[in-house]
Amino acid sequence: MFTMAAVYSYISQYCRILVFLIVAAVHVFCCGASDEGKDVYIVYMGSLLEGEYSTASLHLSVLQQVLGESSATGSHVKSYTRSFNAFAARLSDEEHQIIASRKEVVSVFPSRTLQLQTTRSWDFMGLTETVKRNPTVESDVIVGVIDSGIWPESESFRDSGYGPPPAKWKGTCAGGSNFTCNNKLIGARVYNGTSARDIEGHGTHTASTAAGIKVSGASFFGLAEGKARGGVPSARIAAYKACSEYGCRDQDILAAFDDAIADGVDLITISVGGDSKAFENDSIAIGSFHAMEKGILTVQAAGNNGPSSSTVGSVAPWLLSTAASSIDRKIIDKVVLGNGKTLIGNGISSFTQRKGKKFPMIHGKDASTTSCANPTLARVCSAGCLNSSLVKGKIVVCDWANGWGEAFRAGAVGSITLDNIEKMHGFNYVLPLPTSTLTAHKYGVVKTYVNSTKNPQGNILKSEVTKNSAAPVVASFSSRGPNLVAPDILKPDITAPGIEILASYSPVSPPSGNPKDKRSAKYSIMSGTSMSCPHAAGAAAYVKTFHPDWSPSAIKSALMTTAWPMNATKEAEDEYREGEFAFGAGHVNPVKAIDPGLVYETSKDDYIKMLCSMQLSFFGTCPSENKGSPKDLNYPSMQVRVETGKSFAVEFPRTVTNVGLANSTFVSKVITDSQMNVSVKPSILSFKSLKEKKSFVVIVSGKALPSPKRVSAALVWSDRTHIVRSPIVVYTSFL
């Protein structure tokens, strides 16, 4: 109930605010928008306070106390009063420091000029919103996604502005009950249940990455906020649900390929894989071969079994195998200790812990259950080793990166873990509780504090986004070569963004994958070669919109020969498994790929000839006299395994097709290290027409190599307009 005193108080407050705003407007009009020598700062004061008061009046009061009443109105820029408590003001360096020292102020920071952000990965690759496109042709491209299904109601799959499906489409919407397709999501099939609806989130994420429409304001609970979009946002999508929560059966994968090829898709993306298998035992190798026959390129994830060598699972030369690498955006979190120290760690936490609040901290060894087998298991927070009564409401410190799982089960409010799992280095993933994974040194700081303090306390703040200037770097988890099935074919072929990718998600799937995680997200952040695969697929589809008649091998060649050159990770523990075994030809560069100059085309007969040289004939009949080896395949990269301890001399015959300028001359250049010699015959190729073919031979020789060893070079053809680059790898295996 209002009293008259309260009414007069409100009238007085709002009169002051009105005068304040009028004077500020007059000041801007008469005196200019900024005070000389002053910058605009954001003064953040936390959440809105409860009670009957005016937030704008509070802001005015703060400025008046620091700047004086006459200057306060001119300094004020804007108040934020609907969802949180903050204001913007023009301040000198001294003034902002004085305001920052006030008890009621949480932080003061300069207002930077930021650019509109997308899921970031496509901008990082150069495929910006303003890049040249063929929207009519793009709308006729159909991307087939073999995955865990799709969430049809996602904003990324709205069909506003779309016409009917292309006439070539022969598929159907057989997604089950309560599943509706539209002119964007034009088809769906299911092979392991009754509905193509995605309850895992994986298929929705990959489909939207490849071909989702533009969606503004997408974020994971405010993290990585921006405009989400696929590589070919105007393209159509057909979803083939071959995977469930239990995995992806070969029988379902083959059924999906069978349907997708017949339905008339233009490209298939499949973020599925495992250990490498002989081609004849590999459902994806088989399905993708038949897709290639029909002019359909298949893009597959290389696998997440890195960083060990020879872990790449996608090894067939007729498909594009994609490794995963970082982008120039990184997500971090911060651990704030009770002694005031702040440590930057890895973690994706959407949980907002009130700034300044502290929680008790406890090490796993001090919270052990009586049933835990030994103290070591408690230190690492092994399953069943934490006593819920001792950790509830506390932050648990664990000597193992995956200790967060037991901390969550036991009821901890957060966990701090040691970054000691190699394949998890350098990236973050969504967890069901606030968790920060720290390097050994930073983790040591935490343990020292916990062990030396009677009542250790701390907090794990909500994650934030920062710049990653080192990108692109291949992910530690990304599977590496060499190729165990075809040792003379370099795999993976290429790398693309696959770390901390924001894309559409299934709202019924817990974003952390933990069934006790009750959050629901329309967009989520995921990492893996599953994420890089649809990036490469989107890039391939983009190239196809400019060259609808190009073969799968031509598109693949364009992506590989125009890729950004990359260097091996300097801090790699094992040099052998890095370099081309990690990233193939380099990082995909979609815009350059639409005009590659030359392409290495490979026909079905070429693949059969290669298989015959491996004593395999299941895709066709081998000639009675079969010469050559897999290294002779007309592939955009060149690789050979040589015998340990013996000098080597090998030849790579290749043929290129001119797709650049009709009259052009390409000159070869070799970039090599001192461990091998490379020559090219002929070293100059002159073309008089488009689609003209020219052949050459690359001769590589060198002294004996130890075991294991990888040496690399690159062949570059250039006509001063185009740069056509192919990696050359010579290696020995483990004895």
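Worth saying up front: this structure is predicted, and the values here are computed from it rather than measured.

This part takes up the overall build of the protein. The secondary structure content of the protein amounts to 18 helices and 34 strands. Rg of the C-alpha trace for the protein: 29 Å, near the compact-globule value of 27 Å for 735 residues, within the 12% margin. By its C-alpha atoms, the protein is 105 × 70 × 60 Å across when sized along the principal axes. Sequence-distant contacts, at least 24 apart, represent 72% of the contacts inside the protein between residues at least 6 apart. Per element, the accessible surface of the protein, about 31,000 Å² overall, is 53% carbon and sulfur. Between the averaged position of the 73 positive side-chain charges in the protein and that of its 62 negative side-chain charges there is a distance of 3 Å.

Before going further, it helps to spend a moment on the state of the cysteines. Counted according to the given criterion, the structure contains five disulfides. A disulfide bridge connects Cys243 with Cys248, and the sulfur atoms are separated by 2.0 Å. Here the disulfide of Cys243 and Cys248 is right-handed, its torsion about the S-S bond being about 110°. Residue classification places Cys248 among the partly exposed residues on the basis of a relative accessible area of 30%. In this model Cys372 forms its disulfide with Cys385; the gap between the sulfur atoms is 2.0 Å. Between Cys372 and Cys385, the S-S dihedral sits near 80°, and the bridge is therefore right-handed. Of this pair, Cys372 sits in the loop between strand 17 (359-363) and helix 10 (375-379) while Cys385 is found in the loop between helix 10 and helix 11 (388-391), placing the two residues 13 residues apart along the sequence.

With burial as the criterion, only one face of strand 30 (residues 677-681) is covered, namely that bearing Val678 and Val680; the residues Asn677, Ser679 and Lys681 on the opposite face remain uncovered. Where strand 30 lies against strand 32 (residues 693-702), five bridges are found, and the strand directions are antiparallel. By the bridge assignment, Ser679 is partnered in strand 32 with Ile699.

This model, assessed by the stated rule, comprises 11 aromatic pairs. Between the aromatic rings of Phe289 and Trp318, the centroid separation amounts to 5.0 Å while the plane-to-plane angle is 85°, which identifies the pairing as edge-to-face. You can see Phe289 sitting in helix 9 (residues 283-293) and its partner Trp318 sitting in the loop between strand 13 (297-301) and strand 14 (320-325), a full 29 residues away along the chain. The pair formed by Phe289 and Trp318 is uniform in burial state, with each residue classed as buried. Aromatic ring contacts, followed pair by pair, group Phe279, Phe289, Trp318 and Tyr607 into a single cluster. Above the plane of the ring of Trp151 lies Arg197, whose end atom (NZ or CZ) is 4.5 Å from the centre. Lying over the aromatic face of Phe652, Lys631 brings its terminal NZ or CZ to 5.8 Å of the ring centre.

Further remarks concern empty space enclosed by the protein. This model, assessed by the stated rule, comprises four cavities of 30 Å³ or more. Estimates place the volume of the largest cavity at around 100 Å³. In the lining of the largest cavity, the residues fall into five nonpolar, five polar and one charged.

With that settled, the discussion passes to the sheet that holds strand 29 (residues 664-672). Read from one edge to the other, the open sheet built from five strands follows the order 27-34-33-29-31, with strand pairing classed as mixed. Both edges of this open sheet fall to strand 27 (638-641) and strand 31 (684-687), since each of them pairs with a single strand only. Here the strands of the sheet are splayed against their neighbours by 15° on average, with no regard to which way each runs. In terms of strand pairing, strand 27 meets strand 34 (residues 723-732) through four bridges, oriented parallel. Looking at strand 34, one finds that Met638 is bridged to Ile728.

Looking now at the sheet that holds strand 14. With parallel pairing, seven strands are arranged side by side in an open sheet as 6-9-5-12-13-14-23. Bordering the open sheet on either side are strand 6 (185-190) and strand 23 (494-497), each of which pairs with just one other strand. In this sheet, neighbouring strand axes are inclined to one another by 25° on average, regardless of whether the strands run parallel or antiparallel. Where strand 6 and strand 9 (residues 236-241) come together, five bridges link them in parallel fashion. In the strand pairing of strand 9, Leu185 is matched with Ile237. Its contacts with the sheet place helix 7 (residues 202-211) against strand 5 (142-147) and strand 9, and it is angled at close to 160° to strand 5. Packing against the sheet, helix 14 (residues 529-546) makes contact with strand 5, strand 12 (267-270), strand 13, strand 14 and strand 23, and its axis sits at approximately 125° to strand 14.

Moving on: the nonpolar core. Val143, Tyr240, Val265, Phe279, Trp318 and Leu559 are the most contacted members of the largest nonpolar core, which has 92 residues in total. With nine residues, helix 14 is the single largest residue contributor to this core. With residues up to four places along the chain from it excluded, the contact list for Val265 reads Ile142, Gly144, Trp169, Ala238, Tyr240, Ala260 and Ile296. Counting 26 residues, the second largest nonpolar core, distinct from the first, contains Tyr600, Val680, Val700 and Val724.

For helix 8 (residues 250-263), which comprises 14 residues, the first-to-last C-alpha distance of 20 Å matches the rise-based estimate of 20 Å (1.5 Å per residue) to within 8%. Regarding helix 8, the residues found buried are Asp252, Ile253, Ala256, Phe257, Ala260, Ile261 and Asp263. Angularly, the buried residues of helix 8 cover 165° about the axis, an arc narrow enough to put them on a single face. Exposed positions of helix 8 whose direction lies more than 90 degrees from the buried face are Gln251, Asp258 and Ala262. Immediately beyond the C-terminal end of helix 8, within one or two residues, lies Gly264, with a positive phi of roughly 100°.

Procedures and definitions
- Once a new chain begins, its residue numbering starts again from 1 and follows that chain's sequence as written.
- Only residues with pLDDT of 70 or above have their local features reported here, since the model is predicted, and side-chain atom pairs are shown and tallied only from 80 upward, although totals for entire chains, interfaces and linings are computed over all residues.
- Computation of side-chain values covers all heavy atoms of the structure but excludes hydrogens and water.
- Only runs of H or I of at least four residues qualify as helices and only runs of E of at least two qualify as strands under DSSP, and these elements are numbered from the N terminus.
- The reference for a compact globule is 2.2 Å times residues^0.38; the radius of gyration itself is calculated from the C-alpha atoms.
- Residue contacts follow a heavy-atom distance rule, with two residues in contact if any of their heavy atoms lie within 4.5 Å.
- Calculation of accessible area relied on Shrake-Rupley with a 1.4 Å probe; when residues are assessed, cover is drawn exclusively from the protein chains displayed.
- Counted as positive: Lys and Arg. Counted as negative: Asp and Glu. His and the chain ends are not counted at all.
- To locate a charge, take NZ of a lysine, CZ of an arginine, CG of an aspartate or CD of a glutamate.
- Criterion for a disulfide: a pair of cysteine sulfur atoms within 2.5 Å.
- To sort residues, take the accessible area from a 1.4 Å probe on protein chains only and compare it with the maximum for the residue type: under 20% means buried, over 50% means exposed, and anything in between is partly exposed.
- Criterion used throughout: strands pair if DSSP finds at least two bridges between them.
- For this analysis, a ring pair means two rings from Phe, Tyr or Trp (six-membered ring only for Trp) whose centres lie within 6.5 Å, classed as stacked if their planes differ by under 30 degrees, edge-to-face if by over 60, and tilted for the remaining angles.
- Only Lys NZ and Arg CZ are tested; either one counts as a charge over a ring when it is within 6 Å of the ring centre and within 35 degrees of the ring normal.
- Here a cavity denotes a set of grid points, spaced 1 Å apart and computed over the protein atoms alone, in which a 1.4 Å probe fits but from which it cannot get out, and a pocket denotes an open set meeting protein on both sides within 12 Å along at least five of seven lines; residues with an atom within 4 Å of a point are reported as lining.
- Grid points are joined across faces, edges and corners, and a volume is the space filled by probe spheres set on the points.
- Only Asp, Glu, Lys and Arg are considered charged in this grouping, and only Ala, Val, Leu, Ile, Met, Phe, Trp, Tyr, Cys and Pro are considered nonpolar; every other residue, Gly among them, is considered polar.
- Fitted lines through C-alpha atoms give the axes, limited to the stretch in contact for helices. The angle between two N-to-C directions lies from 0 to 180 degrees.
- Only buried residues count toward a nonpolar core. Its members are Ala, Val, Leu, Ile, Met, Phe, Trp, Tyr and Cys residues joined through side-chain atoms within 4.5 Å.
- Expected helix span is computed as 1.5 Å times (number of residues minus one).
- The directions from the helix axis to the C-beta atoms are what the arc is built from.

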